Amino acid sequence: HTSLCTDTRGEDRIVVWDEEFFQGRRQEFTTECYDMRAFPGWPCFEHVGFQGQQFVLERGKYPRWEAWSGSHAYHMERMSSFRPIACANHRNSKMTIFEWENFLGQKGELSDDYPSLPAMGWGSSAVSSFHAHSGAWVCSQFPGYRGFQYILECDCHTGKYKHFREWGSHAQTSQVQSIRRIQQ
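Treat the numbers as computed from the prediction; the structure is a model and nothing was measured. (Residues numbered from 1 in each chain as written. Predicted model: local features only at pLDDT ≥ 70, side-chain atom pairs only at ≥ 80, totals over all residues. Heavy atoms only, no water.)

Chemist: With reference to specific residues and values, describe the nonpolar core.
Modeler: Formed by 20 residues in total, the largest nonpolar core has its most connected members in Met95, Ile97, Leu117, Phe130, Trp167, Val176 and Ile179. Elements with a contribution of two residues or more to this core: β7 (94-100), β9 (129-134), β10 (136-142) and β11 (146-153). Each residue touching Met95, except ones within four places of it in the same chain, is listed here: Gly108, Glu109, Leu110, Phe130, His131, Ala132, His133, Trp137 and Leu152. Membership of the second largest hydrophobic core comes to five residues, among which are Val56, Ala136, Val138 and Ile151. (Core = buried A, V, L, I, M, F, W, Y, C linked by side-chain atoms within 4.5 Å. Buried < 20%, exposed > 50% of the residue type's maximum accessible area, 1.4 Å probe, protein only. Helix = DSSP H or I, 4+ residues; strand = E, 2+ residues; numbered from the N terminus. Contact = heavy atoms within 4.5 Å.)

Now the structure itself:
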């Protein structure tokens, strides 16, 4: 029930409706929204205050929850808060991943999308720490960008995420098996 676009002035905005298939009350936003309970919309976070499961809504239309979460993801029909994603620049995206917490163990340099880290030669189902040098990234629990998602940005935590608990309030494990850049 959302649509993302850039208006003619170049300002990013999100439009949400309170019913499926773009029906019901409509509301436009150009800045973050800490609490959507006043308007029952659903862009970006499961709970108010940017807490809970995360989904990235990029340019496009999302008529039902399956459109933003996929058929194999966490079932969530409504989102309660959202915020703009910082530094989503595809051309310069760079991230270093580490097998262990505190930037230890096997490491890999990323500058592209990886639908399956195991298929690309990553020897573990875990990525326990990240350094997002530039850009914004979505890390997914399973190959094919399925399962829980974690949004990592170079402008948050100075881009350094030394432990999975820093990825978001819903992070319970360091299991990450696919990573992609957030589209601009």
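Next comes the rest of the write-up.
Chemist: Describe the sheet that holds β7, listing the residues and the values that go with them.
Modeler: Taking strand neighbours across the sheet as the criterion, the four strands line up as β8-β7-β9-β12 in an open arrangement whose pairing is antiparallel. Each of the sheet's edge strands pairs with one partner strand only, and the pair in question is β8 (104-110) and β12 (160-161). Pairing of β9 with β12 involves two bridges; the strand directions are antiparallel. Note that in β12 the partner of His131 across the bridge is Lys160. (Pairing = 2+ DSSP bridges.)

Chemist: Tell me about the confidence of the model for the protein, and please be specific about residues and values.
Modeler: The share of residues in the protein with pLDDT of 70 or more is 65%, and the mean pLDDT across the chain is 75. Contacts of residues 36-43 to residues separated by more than four positions or lying in other chains number 42 contacts, the stretch itself having pLDDT below 50. (pLDDT = per-residue confidence, 0-100.)

Chemist: Give me the sheet that holds strand β13 (residues 178-181): which residues, what numbers.
Modeler: Two pairing modes exist for strands in a sheet, parallel and antiparallel, and in both the strands are linked by backbone hydrogen bonds. The three strands lie next to each other as β11-β10-β13, forming an open sheet whose pairing is antiparallel. Sheet topology places β11 and β13 at the edges, where each strand pairs with a single neighbour. When the angles between neighbouring strand axes are averaged without regard to direction, this sheet yields 25 degrees. Bridge count for β10 against β11 is six bridges, and the pairing is antiparallel. Bridge pairing links Cys139 to Tyr150 in β11. (Axes fitted to C-alpha atoms, helices over the stretch in contact; angles between N-to-C directions.)

Chemist: Can you lay out the pairing of β13 for me, pointing to particular residues and giving the numbers?
Modeler: On β13, burial covers both faces: Ser178 and Arg180 on one face and Ile179 and Arg181 on the other are all buried. Across four bridges, β10 lies against β13 in antiparallel orientation. The partner of Trp137 across the bridge, within β13, is Arg181.

Chemist: A description of the pattern of salt bridges should follow, citing residues and the corresponding values.
Modeler: Two side chains carrying opposite charge are able to pair once their charged atoms lie near each other. Scanning the entire structure with this criterion turns up two salt bridges. The salt bridge involving Asp112 is made with Arg181; its shortest N-O contact spans 3.0 Å. Separated by 69 residues along the polypeptide, Asp112 in the loop between β8 and β9 and Arg181 in strand β13 bring together distant segments of the chain. Judged by relative accessible area, Arg181 falls into the buried class, the value being 13%. Note that Asp113 is salt-bridged to Arg181, the shortest N-O span being 2.9 Å. Of this pair, Asp113 sits in the loop between β8 and β9 while Arg181 is found in strand β13, placing the two residues 68 residues apart along the sequence. (Salt bridge = Lys/Arg side-chain N within 4 Å of Asp/Glu carboxyl O.)

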